[in-house]
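# Notes for the structure review
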Amino acid sequence: MLQLIKKDLLVSLKIRSLKAIILTCIVGLFLLSGLSYIFPTILPIIITYMVIMNTFYYDSLNNSESYILSLPNKREDVVYSKYILILLVLFLSNIFMYLLFGLNILNSVRVMVLQDVIISSLTILLSFSITLPIIFKYRYRVGRLIAPFITIFIGYLAYTNNTINNFIQYGKETILINLSRKIGVLFYNLFKFNNYDYKVVATTVYIILLFMIAVIIFLFSIYISLKIYTKRDIG
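Below or above, wherever it landed, is the structure these notes cover. One numbering rule holds for all chains: residues counted from 1, following each sequence as written. Restriction of local features to residues with pLDDT of at least 70 applies here, the model being predicted, together with a cutoff of 80 or more for giving and counting side-chain atom pairs; totals for whole chains, interfaces and linings are based on all residues. Side-chain numbers come from the whole structure's heavy atoms, not from hydrogens or water.

### Examining the pattern of salt bridges
By definition here, a salt bridge exists when the distance from a side-chain nitrogen of Lys or Arg to a carboxyl oxygen of Asp or Glu is within 4 Å. All told, the structure shown has 2 salt bridges when counted by the stated rule. The salt bridge involving Asp59 is made with Lys82; its shortest N-O contact spans 3.1 Å. Within this pair, whereas Asp59 is found in helix H3 (residues 39-61), its partner Lys82 is found in helix H5 (residues 75-102), the two being separated by 23 residues in sequence. Accessibility classification places Asp59 together with Lys82 in one group, the buried group. Close ionic contact of Arg181 with Glu173 constitutes a salt bridge, the shortest N to O distance being 2.7 Å. The class of Arg181 is partly exposed, set by a relative accessible area of 23%. Take Glu173: its relative accessible area is 34%, and that puts it in the partly exposed class. Every helix listed is a DSSP run of H or I at least four residues long, and every strand listed is a run of E at least two residues long, numbered separately from the N terminus. Only protein chains enter the accessibility calculation, which uses a 1.4 Å probe; a residue whose area is less than 20% of its type maximum is buried, one above 50% is exposed, and one in between is partly exposed.

Below you can see the structure in the form of structure tokens.
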């Protein structure tokens, strides 16, 4: 499985692929120059999306599934390798963005904050949780048509979600925020935190719950992909 991950990473660094990525980033920087405020949020999404979809593109282009499975690789290894690659690239892209924006190397309009990591991570986890089972079921040709819309839609929902701001500023609670506040009160009663701020604690619990939900969906997506790919005809 590690060899499959290594293969996908090397494929992403092919000259043809690398040129496309660099060109896309340069064009994007010019087109979105007026929206540079969202770069720390959107660039990890773009990088992860392009790398993962590019691996499927080269697998489809070279019809490499049969060759990969002719080696000592199980179908389960192929599925696991793609999901692990998503987590790896997402982690590395956020680290890269932190070096550029968190340390403000580019003297950008703002630095990278935790909210950027939350939005980009949730977008990638949820969008690929939907996209990968589709690709494993209907192959890359269908997945490439659907994946951009899924990613943009989920990214838009995550970026425009004002649940935390509405709670902090106006005290408005959603069901999940209400649950987070109750869990925060429970922790306070158990551990007797000093300087307890229920909004800060509830927000922290809310973020943790969001990631737990995203991880559960991601794991369920792995299960679905395994069921699909182990039974799919490779030809």
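### Considering the packing of aromatic side chains
Any two aromatic rings considered together are summarised by their centre-to-centre distance and by the angle between their planes. Stacked, tilted and edge-to-face are the three classes applied to pairs of Phe, Tyr and Trp rings, where Trp contributes its six-membered ring and a pair requires centres within 6.5 Å; stacked means planes under 30 degrees apart, edge-to-face means over 60, and tilted covers the rest. Throughout the structure, instances matching the rule amount to 7 aromatic pairs. Seen in terms of ring centroids, Phe220 and Tyr223 are 6.3 Å apart; in terms of plane orientation they differ by 25°. Their pairing is stacked. Highlighted residues: Phe220 and Tyr223, both in helix H9 (residues 198-231), separated by 3 residues, approximately one helical turn. Accessibility expressed as a relative area gives 45% for Tyr223, which makes it partly exposed. Members of the aromatic cluster, each reached through a chain of ring pairs, are Phe56, Phe136 and Tyr229. Lysine NZ or arginine CZ positioned within 6 Å of the ring centre and within 35 degrees of the ring normal marks a charge as sitting over the ring. A cation over a ring is seen here: Arg75 above Tyr229, with NZ or CZ 5.9 Å from the ring centre. We note Lys82 situated over the ring of Phe56; from NZ or CZ to the ring centre the distance is 4.4 Å.

### What about helix H6 (residues 114-160)?
Turn by turn, an α-helix covers 3.6 residues, leaving residues three or four places apart pointing in a common direction. How far a helix is expected to stretch is found by multiplying one less than its residue total by 1.5 Å. Helix length check: H6 (47 residues) gives 16 Å between terminal C-alpha atoms against 69 Å at 1.5 Å per residue, more than 12% under. What the bend at a residue measures is the angle between two axes, fitted to the seven residues ending there and to the seven starting there. Of all the bends in H6, the largest measures some 140° and sits at Arg139.

### Some thoughts on the environment of Thr131
Summarising the element assignment, Thr131 is placed in helix H6. For Thr131, a relative accessible area of 3% gives the class buried. A C-alpha to C-alpha distance of 7.5 Å links Thr131 and Ile146, two positions 15 residues apart in sequence. Whether two residues are in contact is decided by their heavy atoms, any of which lying within 4.5 Å being enough. Those residues within four positions of Thr131 in sequence are excluded, and the remaining contacts are Ala147 and Ile150. Polar contacts here mean pairs of N or O atoms no more than 3.5 Å apart (in protein, one a potential hydrogen donor and the other a potential acceptor; neighbouring residues in sequence count only if both atoms are side-chain atoms). Separated by 2.8 Å, the side chain of Thr131 and the backbone oxygen of Ser127 make a polar contact.

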